Number of protein chains: 4
Amino acid sequence: MATDTPLQLGMIGLGRMGANLVRRLMRDGHRCVVYDLDESAVRELRAEGAVAAGSLGDLVAKLERPRVVWLMLPAAVVQPTLDQLTDLLAPDDAIIDGGNSYYRDDITRAAQLAPRRIHYLDCGTSGGVWGLERGYCLMIGGEPAPVARLDPLFRSIAPGAGAAEPTPSRHADGTAPDGYLHCGPSGAGHFVKMVHNGVEYGMMAAIAEGLSIIEHADAGLRKHTADAETAPLREPEAYQYEIDVGEVAEVWRRGSVVGSWLVDLTADALARSPQLEEFTGRVSDSGEGRWTVLAAVDEGVPAAVISTALTDRFQSRGLGEFADRVLSAMRSEFGGHAEKRSQP
Amino acid sequence: MATDTPLQLGMIGLGRMGANLVRRLMRDGHRCVVYDLDESAVRELRAEGAVAAGSLGDLVAKLERPRVVWLMLPAAVVQPTLDQLTDLLAPDDAIIDGGNSYYRDDITRAAQLAPRRIHYLDCGTSGGVWGLERGYCLMIGGEPAPVARLDPLFRSIAPGAGAAEPTPSRHADGTAPDGYLHCGPSGAGHFVKMVHNGVEYGMMAAIAEGLSIIEHADAGLRKHTADAETAPLREPEAYQYEIDVGEVAEVWRRGSVVGSWLVDLTADALARSPQLEEFTGRVSDSGEGRWTVLAAVDEGVPAAVISTALTDRFQSRGLGEFADRVLSAMRSEFGGHAEKRSQP
Amino acid sequence: MATDTPLQLGMIGLGRMGANLVRRLMRDGHRCVVYDLDESAVRELRAEGAVAAGSLGDLVAKLERPRVVWLMLPAAVVQPTLDQLTDLLAPDDAIIDGGNSYYRDDITRAAQLAPRRIHYLDCGTSGGVWGLERGYCLMIGGEPAPVARLDPLFRSIAPGAGAAEPTPSRHADGTAPDGYLHCGPSGAGHFVKMVHNGVEYGMMAAIAEGLSIIEHADAGLRKHTADAETAPLREPEAYQYEIDVGEVAEVWRRGSVVGSWLVDLTADALARSPQLEEFTGRVSDSGEGRWTVLAAVDEGVPAAVISTALTDRFQSRGLGEFADRVLSAMRSEFGGHAEKRSQP
Amino acid sequence: MATDTPLQLGMIGLGRMGANLVRRLMRDGHRCVVYDLDESAVRELRAEGAVAAGSLGDLVAKLERPRVVWLMLPAAVVQPTLDQLTDLLAPDDAIIDGGNSYYRDDITRAAQLAPRRIHYLDCGTSGGVWGLERGYCLMIGGEPAPVARLDPLFRSIAPGAGAAEPTPSRHADGTAPDGYLHCGPSGAGHFVKMVHNGVEYGMMAAIAEGLSIIEHADAGLRKHTADAETAPLREPEAYQYEIDVGEVAEVWRRGSVVGSWLVDLTADALARSPQLEEFTGRVSDSGEGRWTVLAAVDEGVPAAVISTALTDRFQSRGLGEFADRVLSAMRSEFGGHAEKRSQP
């Protein structure tokens, strides 16, 4: 289903997300010039119909004015790339940062580019490895004019209204039901994407905790040592269940209040590996979760669940160890409690 | 689409959920005898094809043996109803408690009914006011034989496999993809439903916190009083966004990682009422959230997000007021800080 | 400083706390009959002036009526000991459970002993290994009459009013300024002690977290890998401090708002071992912290800090591992993120 | 007890803390020149022996070189005062910021003053309204030379070693046992004070929550409405205690593990006002608590208890209202739950 208004776009950064964005755009008839330090990634997309560029300069040269350049890069690489790119561009050209930059950097960058009349848009892009198929949810910040001009690109990337039932009470116009939204001025897109990821942390933690409580519903079947340190389970008869958490995730996918894409994915992971033994439980966090908490603190808005979800990720990676050693030391001081080495 | 194996069921409790369960069952060809203290509810369903009963005894009399009686009652009313009902039933009859009973009560009740050979099944039922249309997610506990015998009923109530895409990695048999699951022995159904609601609390809180952070992204536009008590916002220029949270909820419905039924519902609520002024923010909690936290503590499983979501609901209803007065008192004692009456 | 009204007491359980209670009592002129399964503990106290008992029966026989028997036993051993002891006692005798029993058991036990006119007191005892020197803070539950009769014992065990400055605004009578308090009927003593330990968990966690933040104030001096997964520290120049946390704990001991016995003990532990390398950070929890959270949930009182402190102890012992594996699995599903094995 | 080495100091800001610092310094023989916009504050201290200054310039003029100027001002006023003051000072003069500035500002300010060879020290000052009597705990950042030169001032302000028992395991030298500590380079003093306040938030919350759980131990005596929304208290017989929380705070002051200045102050507040009715429970937060959480997030250190304590303060002031309205809206959407207006 080709778009009525094909545009041209240069993509810098052909990791999984960048490459799939290009594929979605080309499917809709947009023309893409692509560049990556990894030449094989460039070759692969050229084979699929993209125009290959051998350098930033080459990419810029192969784009018609006014140019559109989309950056899909790790946050740490955006600024050096911008520094190079800016001198190659001309007034009315537009840059879209589709990665996970901090929204405050967007404000700075847009202000720096404004005197050159280069438009800088920030575009939070959610969808992960499934976006090629499902489309990407886009949260866009920047001036209205370039956002409007590039609408056909956003529309091709986004999932489209058919991806979910209409919202019954909704009568407003706008692009949100198509899966992309101009959220506000520079930084607003990445701000909303940042909070989106904070919400994601909280939802993920809720699901994981719940499944863990169900997984441990057999606590009454396990032997516990009785000593002054560890409270025996008072009612072991209430914890005699051996419940298949994968089946639980599956059943929650339909008709339940917690139905969600995250539950879908969890069911899939548990279907493949019922105990998830291939994971150790060291959960990474990227910047967005942290920035969300910083924003909540700055605003004075309570965000206990998101904060806790972030903190738990720190805990999972052992970052609480010093504090925990202090706790064990205190317990030793006041109670003579020796630390227990094995699992109680 | 009628079921191949129509069964007969007596429904006690014709609130919204009970009545809609009857409707879904009748649509599939099952025969329903219905009873409620509210006679108008009984009349309404009789008009739709159910058999009306004027008392518990009448309901039991109108059912063929082995009987199936489904209770859809507030938790506090279940036990008195059971006390009456038990004497009216006979061996091989089955009772299904479809409400939100505490799973420990299920264990007790099933054990009490076992000598009379009355089967007691617990069935956590999720779906809310939308279940008539979407189907209900069912989490079932009890002996395997009656669960198997009543399978056609569960199948008719549940959403069915078509309600979501198949889980790609799943190759197992079982009913979970149809939206109902025999989770284990007595209590297992309500245990899983209890945790489901705990997960629901956490997911809801994550979404609400996130939208609140976005709603307050205009903090830098608001005037703050500068005094020794309140820290001024260091970088007001970073909080100048006036973002439409309803549009954000709508855009998150498609393609994003947080896509979920709860986000769908939130988008709908915000489409109807952008500032939700009709709500005061006193958030109720029912038993399941509390019981989930108790289970986590008993099991020794960290569930910080779910616990926090529960605690926040207590806070929303002013239940932390005494503690907060203690805090203000301490601040007054050590710092001479007078409590601020108006919003900082 | 001998008491004016020496009493006689039988102590069962001569662990560190039981033995030191006996020593404090004997210092004040009370006569003690002592029993423990460990005969060397009995011999040691006999050498210090106690009357040794070789069995529960022997202990009871060596006490004058009305007898007073103090149990200082692990929670799991209290009930079996009571079962034996009850038959040996007579009307007007009193039992004091000075250990960490669950207050609900006190209610049951007192009710069971009431028909025999045996008085059952619950006495939460705080003070740890330092109690011999500092005295023990006593929180007592039970009927007023036996509590009053045994007042000289409690007075001898408690720290006494001299252990702290008088509370300036206090004009009430009562024993609280002496360090012991009759809190209410059966169970009230252990209830207050239970919550005391919950508060202890929260205070400990606050101190440990704070010292950990100070310990990591050198984060900007450490090398971090820059990748798509880990957010680089935005302002490493703000985290260039190498602060001696032991010195910080020491300076907080005088004049600061956080001055407390726990900070005193922390300073001591850090003076001995600046990095606390002898601890691994697996923090035990005993029943009281858990029961405090259960009580808060039952009461509907927000106790987020105490709950979080408990949860963090679970985390420290790896009990969140399943949930964390679920999180890593989700991240792998939606983002193709491989789990990072080494410390970011 | 006069100091051996009297120094001269200019104090700008004669609020409670500034004025009391001057008094402690004068008691020890130091000479103080004082200035405040509020002339009555200046007159009051002149009557006690200080030299009055009518302007910043006057204050500077009345000090001998090398001058020492101590700022005790609200955070928002520090920078404008510095801007004026800097031009009045000369090389080798020293400025001490004793207020609650953000440590990052210290780094900037010290760097700005360095070319003029004006020394800038940051000094976190804890002790509140009691400091005159108890002394102030001082956490100092800056270059070693001026810190050493001004040691007699810090020593006079700090509580002194006699304010607490010696730490048994401590053999190191240093000033920490005297209640003041040079923590590190510029900003280190305010960094440690910032975290101190974070710890304070957590300890306060733990105490307040615990007392609230005890205050509500009578939950079983209260009537609850039974409906589908509110879970009835399952075991009301376990919550029948009417415990005097003021007495509990008093008894915890001696011999218990939670003994602390904060418990002392709480006991005092409750002795004066057993239900603290003069407070509404709107708990302010100043910058330090927020900054502590930001630092923890930046460092990747779990600080769930301190974060939660901060969030709860936001909640106490109604800042979670929008999120709570979203929760009520969701409940209405999926469950048809109307919000309950009265206290459950």
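Here the structure is a predicted model, which means the values were calculated and not measured.

A. Local environment of the overall build of chain A. Along the backbone of chain A there are 14 helices and 8 strands. Seen through its principal axes, chain A has C-alpha atoms that stretch 75 × 45 × 45 Å. Expressed as a percentage of the 344 residues in chain A, the buried residues total 67%. Of all intrachain contacts in chain A linking residues separated by at least 6 positions in sequence, the fraction that spans at least 24 positions is 65%. Considering chain A, the positive charge centre built from 33 side chains and the negative charge centre built from 48 side chains are found 4 Å apart.

B. Summary view of the interface of chain D and chain C. Contact residues are listed per partner, giving 93 residues for chain D and 93 residues for chain C. Summed over both sides, the interface between chain D and chain C buries roughly 7,600 Å², with carbon and sulfur atoms accounting for 66% of that surface. Across the chain D-chain C interface, the total number found is 4 salt bridges. Run the count over chain D and chain C and you get 48 residue pairs in polar contact (both at pLDDT 80 or more). Mapped by element, the contributors of at least two residues to the side of chain D that touches chain C are α5 (103-113), β7 (137-141), β8 (180-184), α9 (188-215), α10 (245-252), α11 (261-272), α12 (287-299) and α13 (304-316) of chain D. Examining the composition of the side of chain D that touches chain C, we find that 17 residues originate from one element, α9(D), more than from any other. Partitioning the side of chain D that touches chain C into residue classes produces 55 nonpolar, 20 polar and 18 charged.

C. Just the interface of chain C and chain B, in detail. Taken together, the contact between chain C and chain B spans 19 residues of the former and 19 residues of the latter. On the chain C side of the interface with chain B, the three residues burying the most area are Leu294(C), Val297(C) and Pro302(C), jointly 33% of the side's total. Linking chain C with chain B are 0 salt bridges, by the criterion used here. For the pair chain C and chain B, the number of links is 3 residue pairs in polar contact (both at pLDDT 80 or more). Breaking the side of chain C that touches chain B down by element, the ones donating at least two residues are α12 (287-299) and α13 (304-316) of chain C. At 6 residues, the largest contribution of residues to the side of chain C that touches chain B is made by α12(C).

D. The relation of the copies chain C and chain B, seen in detail. Each copy of the sequence occupies a distinct position, and chain C is placed on chain B by a rotation of 180° and an axial shift of 0.0 Å, giving an RMSD of 0.0 Å. Both copies are brought into coincidence by an operation consistent with a two-fold rotation axis. Within chain C, Leu294(C) has its C-alpha nearest the rotation axis, a separation of 3.0 Å. In this assembly, 100% of the residues forming the interface of chain C have copies in chain B that are likewise at the interface, indicating an isologous arrangement.

E. Geometry of the sheet that holds strand β6 (residues 119-126) of chain D. Residue and element names in this part refer to chain D. If you walk across this open sheet you meet the 8 strands as β3-β2-β1-β4-β5-β6-β7-β8, and the pairing is mixed. The open sheet has two free edges, formed respectively by β3 (51-52) and β8, since each of these has just one partner strand. Pairing of strand β2 (residues 31-35) with β3 involves 2 bridges; the strand directions are parallel. The residue of β3 that forms the bridge with Val33 is Val51.

F. Expanded view of the side chain of Arg325(C). Within the secondary structure, Arg325(C) is located in helix α14 (residues 321-335). What makes Arg325(C) buried here is its relative accessible area of 11%. A distance of 3.2 Å separates the side chain of Arg325(C) from the backbone oxygen of Leu276(A), its partner in a polar contact.

G. The relation of the copies chain D and chain C, seen in detail. When chain D is fitted to chain C, the best match, at an RMSD of 0.0 Å, comes from turning it 180° and sliding it 0.0 Å along the axis. Most of the interface of chain D is mirrored in chain C, where 100% of its interface residues are also at the interface.

H. Local environment of the pattern of salt bridges. Summed over all chains, the structure comprises 96 salt bridges over all chains. In this structure, Glu48(B) engages Arg23(B) in a salt bridge whose closest nitrogen and oxygen atoms are separated by 2.6 Å. Within this pair, whereas Glu48(B) is found in the loop between α2 (39-47) and β3 (51-52), its partner Arg23(B) is found in helix α1 (residues 16-27), the two being separated by 25 residues in sequence. Note that Glu247(D) and Arg170(C) form a salt bridge whose closest N and O atoms lie 2.6 Å from each other. Here Glu247(D), found in helix α10, pairs with Arg170(C), found in the loop between α8 (151-157) and β8 (180-184), and the two come from separate chains. Overall, Glu247(D) belongs to the buried group, its relative accessible area being 14%. Relative accessible area serves as the criterion here: at 14%, Arg170(C) is assigned to the buried category. Salt bridges sharing common partners tie together Asp97(A), Asp105(A), Arg109(A) and Arg234(C).

I. Geometry of helix α11 (residues 261-272) of chain A. With 12 residues, α11(A) extends 17 Å between its outermost C-alpha atoms, agreeing within 8% with the 16 Å of an ideal straight helix rising 1.5 Å per residue. Among the 12 residues in α11(A), 9 count as buried, and that is most of the element. Three or more residues of α11(A) are buried, namely Trp261(A), Leu262(A), Val263(A), Leu265(A), Thr266(A), Ala267(A), Asp268(A), Ala269(A) and Leu270(A). In this fold, the buried residues of α11(A) make contact with α6 (131-134), α9 (188-215) and α10 (245-251) of chain A together with α14 of chain C.

J. Highlighting the environment of Ala303(C). In this structure, Ala303(C) sits in the loop between α12 and α13. Classification of Ala303(C) by relative accessible area gives buried; the value is 2%. Note: C-alpha distance between Ala303(C) and Arg234(C) (69 residues apart in sequence) is 34 Å. Setting aside residues up to four positions removed in sequence, Ala303(C) forms contacts with Thr311(B), Ala296(C), Glu209(D) and Ile213(D).

K. Structural detail: the pairing of strand β4 (residues 68-71) of chain A. All names here are of chain A. Residues of β4 alternate between two faces, with Val68 and Trp70 on one and Val69 and Leu71 on the opposite face, all of them buried. Looking at chain direction, strand β1 (residues 8-12) and β4 are connected through 3 bridges and run parallel. When the bridges of β4 are listed, Gly10 appears paired with Val69. Strand direction decides the pairing type here: β4 and strand β5 (residues 94-97), joined by 4 bridges, are parallel. Across the sheet, Val69 pairs through a bridge with Ile95, a residue of β5. With respect to chirality, the unit in which β4 leads through helix α4 (residues 75-86) into the neighbouring parallel β5 is right-handed.

L. How the structure looks around the sheet that holds β4(A). Residues and elements named next belong to chain A. In space, the 8 strands of this open sheet follow the order β3-β2-β1-β4-β5-β6-β7-β8, with mixed pairing throughout. This sheet does not close on itself; its edge strands, each paired only once, are β3 (51-52) and β8 (180-184). Here strand β7 (residues 137-141) pairs with β8 via 4 bridges, running parallel. Across the sheet, Leu138 pairs through a bridge with Tyr180, a residue of β8.

M. Molecular detail of the state of the cysteines. Residue and element names in this part refer to chain A. Under the counting rule described, the total for this entry stands at 0 disulfides over all chains. Here Cys123 stays unpaired: no disulfide links it, and the sulfur of Cys183, its closest cysteine neighbor, is 8.9 Å away. Given the relative accessible area of 0%, Cys123 is considered buried.

N. Quick look at the packing of α9(D) against α12(D). All names here are of chain D. Between α9 and α12, whose axes approach to 8 Å, the crossing angle comes to 105°. Relative to α12, the element α9 is oriented roughly perpendicular. Contacts between α9 and α12 pair Phe191, Met194, Val195, Asn197, Gly198 and Tyr201 from the former with Glu288, Gly289, Trp291, Thr292, Ala295 and Glu299 from the latter. By residue class, the composition of the contact of α9 with α12 is 6 nonpolar, 4 polar and 2 charged.

What counts as what
Residues numbered from 1 in each chain as written. Chains lettered and ligands numbered in written order. Predicted model: local features only at pLDDT ≥ 70, side-chain atom pairs only at ≥ 80, totals over all residues. Heavy atoms only, no water. Helix = DSSP H or I, 4+ residues; strand = E, 2+ residues; numbered from the N terminus. Buried < 20%, exposed > 50% of the residue type's maximum accessible area, 1.4 Å probe, protein only. Contact = heavy atoms within 4.5 Å. Lys, Arg positive; Asp, Glu negative; His and termini not counted. Charge placed at Lys NZ, Arg CZ, Asp CG, Glu CD. Buried area = accessible area lost by both parts, 1.4 Å probe. Salt bridge = Lys/Arg side-chain N within 4 Å of Asp/Glu carboxyl O. Polar contact = N/O pair within 3.5 Å; in protein donor to acceptor, adjacent residues only side chain to side chain. Nonpolar A, V, L, I, M, F, W, Y, C, P; charged D, E, K, R; others polar. Least-squares fit on C-alpha atoms with pLDDT ≥ 70 in both. Pairing = 2+ DSSP bridges. Expected span 1.5 Å × (residues − 1). Right-handed = clockwise from strand over helix to strand, strands pointing away. Disulfide = S-S within 2.5 Å. Axes fitted to C-alpha atoms, helices over the stretch in contact; angles between N-to-C directions. Parallel < 35°, antiparallel > 145°, perpendicular 65-115°, else oblique.

In short, the description is geometric, and any link to function would need to be established separately.
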